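Here is how the chains run, residue by residue.
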Amino acid sequence: MFKSLLFKEWLKIKWASAAIFVVFMLMLGYIYINTSYYMRFIEPTGMWYNVVIRGTIFYGGLYIYLPLFAGILIGITQFIPEISASRLKLTLHLPMKENAILLSMLSIGTFTLLSIYLISYIILTLISTYFFPVEVLWSLLITTLPWYLAGLFAYWAVVMISIEIKWSIRIALLMVFLGFLNSLFYLDTYNTYANSIIIFILISLCFVFQTFLSAYRFRKGVL
Amino acid sequence: MLIKFSRILLILLVILLTAIYLPHFFWMSFSERIRAPYVQYSPVIEEFIIMDYEKDKFYDTSGKEYSREEVDTMLPLSHYRLLATKGLLPDSIQGLEINIEDIRKNYINFRIRPVDINKPQIPLYQLFESKPPRLKLEMPDEFFRTNDRMEFISTENNEISEELTSSFTDLLVSKGFEFPAKKCYGNPTTRKAYDEGYLVIDNKEELYHIKKINGNPFCEKVIIPDDVKIKTIFLREYSLKEFYAFVITEDNKLYLILFENYKFQKIPIQNYNSDEDIIRFQGNLFYRLVTVYKEDQLKVYVTNRKYELIDTYEKTWKSKMERTAGQISTYIFPFELSLNSSDSMYIDFYFSNLNFNSIYLNVVLLLITILWIRKKKIHIIADGMDYIIVMVTGIFGFIAVNIFRNED
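Residues numbered from 1 in each chain as written. Chains lettered and ligands numbered in written order. Predicted model: local features only at pLDDT ≥ 70, side-chain atom pairs only at ≥ 80, totals over all residues. Heavy atoms only, no water.

A look at the overall build of chain A
If you tally the helices and strands in chain A, you get nine helices and zero strands. By the burial criterion, 54% of the 223 residues in chain A qualify as buried. Partitioning the contacts of chain A with sequence separation of at least 6, the portion at a separation of at least 24 is 82%. As presented, chain A carries roughly 9800 Å² of accessible surface, and 74% of it is formed by carbon and sulfur atoms. When the 14 basic and 7 acidic side-chain charges of chain A are each reduced to a single mean position, those positions are 14 Å apart. (Helix = DSSP H or I, 4+ residues; strand = E, 2+ residues; numbered from the N terminus. Buried < 20%, exposed > 50% of the residue type's maximum accessible area, 1.4 Å probe, protein only. Contact = heavy atoms within 4.5 Å. Areas by Shrake-Rupley, 256 points an atom, 1.4 Å probe, with all protein chains shown as cover. Lys, Arg positive; Asp, Glu negative; His and termini not counted. Charge placed at Lys NZ, Arg CZ, Asp CG, Glu CD.)

Considering the nonpolar core
Side chains of a nonpolar character, in soluble globular proteins, are inclined to be buried together. In terms of nonpolar packing, the biggest core is built from 108 residues, with A:Phe58, A:Tyr63 and A:Phe200 touching the most fellow members. At 17 residues, the largest contribution of residues to this core is made by helix α6 (residues 134-163) of chain A. For this core, the domains that each give at least three residues are domain 1 (2-32 + 324-403) and domain 3 (111-317) of chain B. For A:Phe58, the residues in contact, after removing those within four places along its chain, are A:Ile31, A:Thr35, A:Met47, A:Val51, A:Ile127, A:Ser128, A:Phe132, A:Val136 and A:Leu140. (Core = buried A, V, L, I, M, F, W, Y, C linked by side-chain atoms within 4.5 Å. Domains from an automatic or database assignment.)

Side note on the pairing of strand β18 (residues 278-283) of chain B
Residues and elements named next belong to chain B. Where strand β7 (residues 108-112) lies against β18, five bridges are found, and the strand directions are antiparallel. Looking across to β18, one finds that isoleucine 108 is bridged to glycine 283. The hairpin formed by β18 and strand β19 (residues 288-293) contains four residues between the paired strands. (Pairing = 2+ DSSP bridges.)

Points about the packing of aromatic side chains
Residue and element names in this part refer to chain A. Taken as a whole, this structure holds 50 aromatic pairs over all chains when the rule is applied. Taken together, a centroid distance of 6.3 Å and an interplanar angle of 50 degrees make the contact between tryptophan 48 and phenylalanine 132 tilted. Of this pair, tryptophan 48 sits in helix α2 (residues 43-53) while phenylalanine 132 sits in the loop between α5 (98-131) and α6; the two residues are 84 residues apart in sequence, bridging distant segments of the chain. Taken individually, tryptophan 48 and phenylalanine 132 each receive the classification buried, so the pair is uniform in this respect. (Phe/Tyr/Trp six-rings, centres within 6.5 Å; stacked < 30°, edge-to-face > 60°.)

Regarding the sheet that holds strand β13 (residues 216-222) of chain B
Residues and elements named next belong to chain B. Strands sit in the order β10-β11-β12-β13 across an open sheet of four strands; the sheet is antiparallel. Two strands in the sheet have a free side with no partner beyond their single neighbour: β10 (183-185) and β13. With direction set aside, neighbouring strand axes in the sheet form an average angle of 25 degrees. In this sheet, β13 lies alongside strand β12 (residues 207-213) in antiparallel orientation, the contact comprising seven bridges. (Axes fitted to C-alpha atoms, helices over the stretch in contact; angles between N-to-C directions.)

Remarks on the pairing of β19(B)
Residue and element names in this part refer to chain B. Counting buried positions along β19 gives six out of six residues, so the element sits mostly inside the fold. The alternating pattern of β19 places Arg288, Val290 and Val292 and Leu289, Thr291 and Tyr293 on opposite faces, both of which are buried. Relative to β19, β18 runs antiparallel, the two sharing six bridges. Considered in β19, the bridge of arginine 280 is made with threonine 291.

What follows is the structure in C-alpha cells.
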C-alpha cells in the first residue's frame, strides 16, 4: 500500500521534477561559465578580490530563487490534482492511517526536492573549489542554506494552503508563509545567516506539523 | 494532541512574524530622520563650533550665532579648499605658518561603526608589496590564510605558493609567532598612499606586524600593554605616518598604535560602547577630535597633538523612543523584533523595546478575545492558553489566536 502510494505521488511530480532538475543544471552551467568569464576578464585576482573582500556572491542572481521556485512547483503539481474534485478525500480513505498517508505524500515531495538540492549543492561545491580556496566554499555553504530552506518551506506551505478548506485561513496562511519566506532573503553579503540559520531551520521543521492541522480541518470539513 | 501542538506552533510563528513586521511597518510610516549636529573645534577662536543642519544654525558653546561664511573662516583646516579658492585662507594660524600641502597631509577623518566590527569575513587576506617597483600599489596575485603556517594561495591556479609560504612561515616562527593566527587586520585596497601590511594576533594572543618588502617577509613583534585586551583593530595608512592603526579594546577603550616604537597611545574618551556607538576620529594640524555618537547624544573630545584632553562638548536630543511616535509605539507593541540591526551585518532575531505600557491594550484585546470565544460557545477554560498568549504578547498574540482559532 505504502509503495503504491509513493508510486502514485511520483507519477504526479515526475515531469515537474525532471524539468526542475534540468533548469538547475542549466543554471549551474551558467554560474560556471559566468565565473570563468570573469576570471578571464577581470583576472583571477580581481575576481577573488570581489568575492573575498567585497562580498560579491558569484552564485547569486537568479539561482537564489531557484530552490524556492522548485518547492512551489512540486507542491502545486502534487497537491492541486488532489484538491480539484476533492480527490484527497479518496486518498485519505485508503486503508492506512490518515496522518501516515499525508506523511508519505509529503515525504516523496520532500525527498525529491532534497535530492535535487543536494546534487546542485555538490555541483556548486565543485565549481567553487575549482576556482576558489576552501574558505569561499564554507561561506557558500552557509550563504545558500537559507535559499534551499526557503524551497523546502515553500513546498510544505503550498501543501498546507492546498489542503486547507477555509478560504479565510488560506489567505492568512499565505500571508504568514510569505512573511517567513521574505525573512530568508536578506542578501547584503555572504554568511549573514551564520548566527541564526539554526533557528530558521528549527522554525521551518516545526511547520511540517502544520500540515496535520490543515489535514484535520480538511477531514472535518469534507469527510 | 498533535492538532493542539501544531496550532500552538503556528501561533508562535505568527507572533514571531507580526512582532517583526508590524513594528517595521509602523516605523516605516512614522519614524523621522534624526540629524545629529556636526561639531568641530576652531583653531581660530579655540572654541567648539556647532553646526545644526536641522535648524540651519551655526553657533559656539556660549550660544553666539555665526553665518555659514563666518564658520568657514573659523574652521580653515576643514574648509581650506573653499577658502583658498576665495583667497581667504590665512597665512598662519596660532602663529604657525600654514600651506595647503601641510593641511592636506595632516587631515584625518575616520569613522568606526558597530557594523564595521560585527560583520562576516572570509578568512583570506591579500598582502601587498610595500615597496612596489613602479611606486603604485598593485594587487598581489596571492591571498594568504593561516593554519599551521602562513599559506599563500596563487589566484592563477588556486594552488599553494610554497616559496612565499615557507619564507614567511620561517621568519614568523623565528620571531616567536605561534600558528594559527587568531585574527588578521589589514587594509586591502590599492587606494591608499602606501602599505603597512597586517597586524596579526597569534595563537598566544600576541601581536605581530607583518609586511612584504621587496618580496621578502618582514615581521616585528608588537608589545601589547598589560591592561589592553584587543577587541578589534583598524589598520589605516595615512600620509601623516603618525600611527598604524586604531585599536578598540574589550573594555571599550580606544588606542592608536604609533609609528614610534609601536607605542599604544590611549585616546581620552569615556562611556563608549563599541557594540552600539559610532566613533568619528578627526585630525588636523592642531588637534585631534573624537566624537562618540550614541542614539540620543554626542560627546566630542578635543585633544592636542600629544593626545592631552583640551575640552569636551556634549549635546543630547530626544531618541527615537522618546519622541511621539516612539511613545505611541510602546502603547501598541509590548516588544519589537527585528531581523537586521544597524549595529551588525548579521541576520538574527534582535529583541528590543520591551515595555509595560502596552498592558492597557493587552487587557482590551484579551476582553475582545474572551467575548469572541464566548460567542462561539467554546469552552472558556480550554482556551486558557490563548488568554495567556494575548495577555503576554498583546497585539501579536491577539492576531495569532484569533486568525487560527481553537477548533475543538
